[in-house]
Amino acid sequence: MNIELQLASDISNAFQLLFGLSLEASAIQLQPTRKEFEGNLTFIVFPYVKQTHKKPEELGELIGNYLINHTSYVSKYQVIKGFLNLTLQTKSWIQIFSEGIDFKFAKRSEKVMVEYSSPNTNKPLHLGHLRNNFLGWSISQILKEVGYEVMMVNLVNDRGIHICKSMLAYQKFGNGEKPSSTLKGDHLVGKYYVMFDKWYKEQVKEIAAKHRQENPSLSEEQAEELAEKEAPAILQAQEMLRKWEEGDPEIVALWKQMNSWVYEGFEATYRKIGVHFDKIYYESDTYLLGKDLVQEGLEKGIFYRKSDGSVWVDLTAEGLDHKLLLRSDGTSVYITQDLGTADMRYQDFPMNKLIYVVGNEQEYHFKVLKLILQKLGRPYAEGLYHLSYGMVELPEGKMKSREGTVVDADDLIEEMIETARERTLALGKIEGFTEEELQKLYHVLAMGALKYYLLRVEPSKKMLFNPKESIDFQGNTGVYIQYTYAKIASILRKAKAENISLSFTELQDFSDIEPIEQQLISAIVRYKQKVEEAAQEYAPSIIANHAYETAKTYNTFYNTFSILGESHPLKKQFRVILSYYVAEVLKRSFRLLGIEMPERM
RNA sequence: GGCUUCAUAGCUCAACUGGAUAGAGCAACUGCCUUCUAAGCAGUAGGUUUCUGGUUCGAGUCCAGAUGAAGUCACCA
């Protein structure tokens, strides 16, 4: 039995015997004692002073005394104000340790689908997409780890007016340009998307000026608004979309060609960042879905039809608005296809939870989507969850693809690899590495730094990225934790050569354990609970932070005590085992974040 | 304007869900490599947790208001 549970149950008994109060053991909260006080676990007595009619200090004394006399594992207590600090018997630490290293979770019967990435095929991935991809991948690994069956899917936005914009610009200015070794397919298409925007804006400016000349009473905004609708560029793009929907062979061929370039480019980026999907959905296949759900809603009286033929749902009772589901011309809108897609997915994979990793700008949309699916009585509706994450902003504000103010994912990755290379070579610890191993190391370190940087922040929070300050390799970083791991790996190799056993059997009665070693045991034992918490909160940051704290504590230990140089054989063995499990926790944590560990660096 | 979210050291982030003297990293300054990898360790300095009230044994955390920032409120996606 877990020592905290045991203690909670004994405290509950104390209340029963001393005061005749019955308290659920589960209601008793314990917390790690703060470093500046003596003790391992703290019980706060304030909440119970009223019921027991005792002063806080007195109550702490009574319970502390009870625990000393009635349990075998509490060796000491100290009361400070309303805080009862308990010190555990040193010999129970080995027991706590050996019982706390079961890192396996029981299988769960529930299925979870995670949608993430979901790129548009008119531009390459940028830093914001990286946050999305890392989060999606990580949360999928975490949910798998705690026992769910997980299916990772991607929904590619491969159609629509924005795609036609790059197609049109390519048709006009492309001169048959093809992707090359210096220009990946997704970057090529993105180039023409930016080109369209420039072209379009010039036209708008020109037309707006003409409008103001002809009609000086127009404001600048009004003139631009008019011009935006009249510019040939946008009219031609709309025309192209119409042709695409009709299946015009020439347009469809161009669309296929350009999308295939983009997919090759995306595939290369996905490979570099180490994410993949169990299934990829394309909006060109799903954008017509959902109309039957609208019909179903009408029949059930959940939706209503206006006189112009458009279909709506009234969500005012839920504090939201009226929401359009079908245009008056019978065509669907964004949410319509999301309804249909969700239903189709349930056919593919009858999930209990459906997680959308999508930016926080779409919170309203997903609130509406969930409500509608609930109204339609879909079995998976309750489990729909929008894993909403904050934008990655630049010092100047939001990134905008059209204006080219984005941090490109491929560029950033290259920069990170280059930094990793420079730093590694500067430190000169690469004796015995093959060229291939070096390349691998640079990649592992670069991705570790980048992923940790983006994942250590709580998902819901927006974050700031300053391109002028490169991502750190020192301090609270992925590299710091990888380095800690590599140092332990080195020790373990040597320990293996010395035939030091990793078994606890010799250590049964070992109790000569330093406070910092107790802290490490606590960190190891807490790992599983942190993973559970991360799964519940959909927050990889919880695991990242715990890994950092564990590594930090280990480094203090590493610099204070000798491990392989320890003369006492049991002590030495204990420290090797301790190191082994710290490494295990770090490696498992990082695997859940999608980060690899180097055995040497 | 309505709704939602956010505001913590110069900067980037934590704070075990209401607990003790609010912690880390970066940047600055001091030390520590003939000892298991110094991408490390130890230390100094840095705070009215935006502001004003309230709730209670106790508030960065809960409530109300103010100020500031972001998002959203389309027959766009």
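See the structure shown above.
Residues numbered from 1 in each chain as written. Chains lettered and ligands numbered in written order. Predicted model: local features only at pLDDT ≥ 70, side-chain atom pairs only at ≥ 80, totals over all residues. Heavy atoms only, no water.

Draft legend 1. Representation of the protein's contact with RNA strand B. Surrounding RNA strand B, one finds 64 residues, the nearest of these being Asp 308, Lys 429, Tyr 480, Tyr 483 and Phe 561. A share of 61% of the atoms of RNA strand B within 4 Å of the protein falls on sugar and phosphate groups. At a separation of 3.2 Å, a sugar or linking oxygen of RNA strand B approaches a polar side-chain atom of Arg 456. A distance of 2.9 Å separates a phosphate oxygen of RNA strand B from a polar atom in the backbone of Glu 458. Going through the elements one at a time, strand E2 (41–44), strand E4 (83–88), helix H15 (409–427), strand E14 (463–464), helix H17 (478–497) and helix H19 (540–560) are the ones with two or more residues in the surface near RNA strand B. Looking at which element gives the most residues to the surface near RNA strand B, the answer is H17, with eight residues. Here the surface near RNA strand B is composed, by residue class, of 28 nonpolar, 16 polar and 20 charged. (Near = heavy atom within 4 Å. Polar contact = N/O pair within 3.5 Å; in protein donor to acceptor, adjacent residues only side chain to side chain. Helix = DSSP H or I, 4+ residues; strand = E, 2+ residues; numbered from the N terminus. Nonpolar A, V, L, I, M, F, W, Y, C, P; charged D, E, K, R; others polar.)

Draft legend 2. Structural detail: the pairing of strand E6 (residues 149–156). For E6, the buried fraction is high: seven of the eight residues fall into the buried class. Of the strand pairs in this sheet, strand E5 (residues 111–115) and E6 are connected by five bridges, and their pairing is parallel. Following the sheet pairing, Val 112 is matched in E6 by Val 150. Handedness of the crossover joining E5 and E6 through helix H5 (residues 127–145) is recorded here as right-handed. As judged from the four bridges shared by E6 and strand E7 (residues 279–282), these two strands associate in the parallel manner. (Buried < 20%, exposed > 50% of the residue type's maximum accessible area, 1.4 Å probe, protein only. Pairing = 2+ DSSP bridges. Right-handed = clockwise from strand over helix to strand, strands pointing away.)

Draft legend 3. Representation of the packing of aromatic side chains in the model. Applying the stated criterion to the full structure yields 33 aromatic pairs. The interplanar angle of 85 degrees and the centroid separation of 5.0 Å between the aromatic rings of Phe 97 and Phe 504 together place this pair among those described as edge-to-face. In this pair, Phe 97 is assigned in helix H4 (residues 92–99) and Phe 504 in the loop between H17 and helix H18 (515–537), connecting sequence segments 407 residues apart. A single burial state applies to Phe 97 and to Phe 504, both of which are buried. Centroid distance Tyr 356 to Phe 366: 4.7 Å. Interplanar angle 40 degrees. Geometry classified as tilted. Note that Tyr 356 is positioned in strand E11 (residues 353–359) and Phe 366 in helix H14 (residues 363–375), a separation of 10 residues in sequence. Note on accessibility: Tyr 356 and Phe 366 belong to one class, buried. One aromatic cluster in this structure is built from Phe 97, Phe 103, Phe 504, Phe 510, Tyr 527, Phe 574, Tyr 580 and Tyr 581. A cation sits over an aromatic face here: Lys 487 above Tyr 558, 4.7 Å from the ring centre. (Phe/Tyr/Trp six-rings, centres within 6.5 Å; stacked < 30°, edge-to-face > 60°. Lys NZ or Arg CZ within 6 Å of the ring centre and 35° of its normal.)

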